[in-house]
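Here are the chains, one letter per residue:
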Amino acid sequence: MKIIVDAMGGDNAPQAIVQGALDAHREYGTEILLVGRAAEVLRAVEACGEKTLPSGVEIRDASEVVEIADDPAIAFKVKKDSSLTVGMNLLKAGVGDAFVSAGSTGALLAGATLLVKRIKGIRRAALGPSVPILGGHITLCDCGANAECTPEYLLQFAFLGSFYAQKVRGIPSPRVGLLNIGAEEEKGDVLRHETFALLREAGEQGRINFVGNVEANDAVLGKVDVVVADGFTGNVMLKTLEGTAKFLMKELKNVYLTNGRTKLGAMMVKREMAGLKRKADPAEIGGTPFLGISKPVIKAHGGSDANAIKNAILRAKEYAESGFIEEIEKNIDYMRVKPAPEKV
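Predicted, not measured: the structure shown is a model, and the values here were computed from it. (Residues numbered from 1 in each chain as written. Predicted model: local features only at pLDDT ≥ 70, side-chain atom pairs only at ≥ 80, totals over all residues. Heavy atoms only, no water.)

Looking at the overall build of the chain
Of regular secondary structure, the chain possesses 14 helices and twelve strands. Summarising its shape, the C-alpha atoms of the chain cover approximately 70 × 65 × 35 Å along the three principal directions. Per-residue burial for the chain yields a buried fraction of 49% across its 344 residues. Partitioning the contacts of the chain with sequence separation of at least 6, the portion at a separation of at least 24 is 73%. By element, 54% of the accessible surface of the chain is carried by carbon and sulfur atoms, the whole surface being about 16500 Å². (Helix = DSSP H or I, 4+ residues; strand = E, 2+ residues; numbered from the N terminus. Buried < 20%, exposed > 50% of the residue type's maximum accessible area, 1.4 Å probe, protein only. Contact = heavy atoms within 4.5 Å. Areas by Shrake-Rupley, 256 points an atom, 1.4 Å probe, with all protein chains shown as cover.)

Dropping the structure here:
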């Protein structure tokens, strides 16, 4: 298993990226191909305490870097020798099994779509993060790649999220819910109404385990395993959850520091609080897959540290080994909306 890593992508590149990649190589046994400015990458390797490249770790030189100010839609074309573009082309050519980058989300999505390509029949690729909730995680599909969607896009997101939860997360029959402003069938706008009908039909055919509309609060309480949303709504939900988690952790800290009695209580639950903090930390997830691309592409957070990169590589390894893409290819005919018959 060889994972291609964009060594120059992200706020903490290349040092944190290289450290995380080396840690993943040691812990998971994955071969690593670091793509970036070779001299800088080598210095980062040396700063990690390695005098030479470990066996199973390679460097591929790429002289350019996609910056945050670059136009994400064309950056990978303009900077053809960037770490992102070179890495994508290596993935396309089959040099590695998956690609991990903490660089620009837009440029990564554009490169994945136009270079690596979508699975044949998939209309749009979607971001499918695992989001911590009560009792586990949910797969949220989409959370930002597609602000405007059609019912067919959302139908495909349901299949993508369902198969990902099944093949990668190990849930035999994941419960799929359509994110809406109410649980009743008649709630929501035209997009939600039309999508509900498609998902219900897919559920009745036994293709997915559709359980109906789901409100955001019920999703967080574990009522579903997969949440289907357009990218705009899904992103609002994701950012709200992230902000709420940070708010609650800060408020809990303030409570525990109120006086001697609460400080004593904090000491007694220190280990448990550390576990809660880890659960809410995006670095523990590591990365988000672009579901629908023909080969595994994982987006790590732009501010990823070494631990986050290590976990993103683990996610890439799990994804590449899961058989998810092959499952989508086998079921693509059930994921299309047949055109309505013409009126005579």
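Some points on the environment of Leu91
Its place among the elements puts Leu91 in helix H4 (residues 83-92). For Leu91 and Ile4, which are 87 residues apart along the polypeptide, the C-alpha to C-alpha distance reads 7.3 Å. Leaving out residues up to four positions away in the same chain, Leu91 has contacts with Ile4, Gly96, Asp97, Ala98, Phe99, Val116, Lys295, Pro296 and Val297.

Some thoughts on the packing of helix H6 (residues 151-167) against helix H7 (residues 190-204)
Between H6 and H7, the shortest axis-to-axis distance is 9 Å and the interhelical angle comes to 45°. One way to sum up the angle between H6 and H7 is to call them oblique. By crossing handedness, the relation of H6 to H7 is classed as right-handed. Contact residues: H6 offers Pro151, Glu152, Leu154, Leu155, Ala158 and Phe159, while H7 offers Leu191, Glu194, Thr195, Leu198, Leu199 and Ala202. Class assignment of the residues belonging to the contact of H6 with H7 gives a composition of nine nonpolar, one polar and two charged. (Axes fitted to C-alpha atoms, helices over the stretch in contact; angles between N-to-C directions. Parallel < 35°, antiparallel > 145°, perpendicular 65-115°, else oblique. Left-handed = near helix turned anticlockwise from the far one by under 90°. Nonpolar A, V, L, I, M, F, W, Y, C, P; charged D, E, K, R; others polar.)

With respect to a nonpolar patch on the surface
A surface patch of nonpolar side chains, about 390 Å² in accessible area, is lined by Leu264, Met267 and Met268. Position of Met267 relative to the elements: it lies in helix H10 (residues 260-268). Met267 gets classed as exposed once you look at its relative accessible area, which sits at 64%. (Patch = residues over 30% accessible without salt bridge, like charges linked within 9 Å, V, L, I, M, F, W, Y side chains within 5 Å. Salt bridge = Lys/Arg side-chain N within 4 Å of Asp/Glu carboxyl O.)

Quick notes on the environment of Lys79
By the secondary structure assignment, Lys79 is in the loop between helix H3 (75-78) and H4. Sequence separation between Lys79 and Glu64 is 15 residues; the distance between their C-alpha atoms is 6.5 Å. The contacts of Lys79, once residues within four sequence positions are left out, are Glu64, Val65, Val66, Glu67, Asp70 and Thr85. Among the polar contacts listed, one links the side chain of Lys79 to the backbone oxygen of Val65, at a separation of 2.7 Å. (Polar contact = N/O pair within 3.5 Å; in protein donor to acceptor, adjacent residues only side chain to side chain.)

Description of the sheet that holds strand S5 (residues 126-127)
The strand order across the open sheet built from seven strands is S3-S2-S1-S4-S12-S11-S5, with neighbouring strands paired in mixed fashion. Every interior strand has two partners, whereas the edge strands, strand S3 (57-61) and S5, have only one. Inspection of the sheet shows strand S11 (residues 287-291) paired to strand S12 (residues 297-300) by three bridges, in the antiparallel sense. The residue bridging Thr288 from the neighbouring strand is Lys299, located in S12. Across the sheet, helix H5 (residues 105-116) lies against strand S4 (98-101), S5, S11 and S12, angled at about 175° from S12, the strand it touches most. (Pairing = 2+ DSSP bridges.)

Observations regarding the pattern of salt bridges
In the structure shown here, the tally under the stated rule is 18 salt bridges. Notably, a salt bridge pairs Arg26 with Glu50, separated by 3.3 Å at the nearest N-O pair. Of this pair, Arg26 sits in helix H1 (residues 15-28) while Glu50 sits in the loop between helix H2 (38-47) and S3; the two residues are 24 residues apart in sequence, bridging distant segments of the chain. Across the pair Glu40 and Arg37 runs a salt bridge, and its minimum N-O distance is 3.7 Å. Overall, the relative accessible area of 31% leaves Arg37 in the partly exposed class. One salt-bridge network, held together by shared partners, links Asp23, Arg26 and Glu50.

A closer look at the sheet that holds strand S8 (residues 175-179)
In spatial order, the strands read S6-S7-S10-S8-S9; together these five strands make up an open sheet with mixed pairing. The open sheet has two edge strands with one neighbour each: strand S6 (130-133) and strand S9 (209-214). Here the strands of the sheet are splayed against their neighbours by 30° on average, with no regard to which way each runs. Bridge count for strand S7 (residues 136-141) against strand S10 (residues 226-228) is three bridges, and the pairing is parallel. In the sheet register, Leu140 faces S10, and the bridge partner there is Val227. Across the sheet, H7 is in contact with S8 and S9; its angle to S9 comes to roughly 155°.

Digging into helix H14 (residues 324-331)
Among the residues of H14, Phe324, Ile325, Glu327, Ile328 and Asn331 are the ones counted as buried. Burial along H14 is one-sided: seen end-on, the buried residues are contained in an arc of 160°. Each element contacted by the buried residues of H14 is listed here: H6, S11 and helix H13 (306-322). (Arc of directions from axis to C-beta.)

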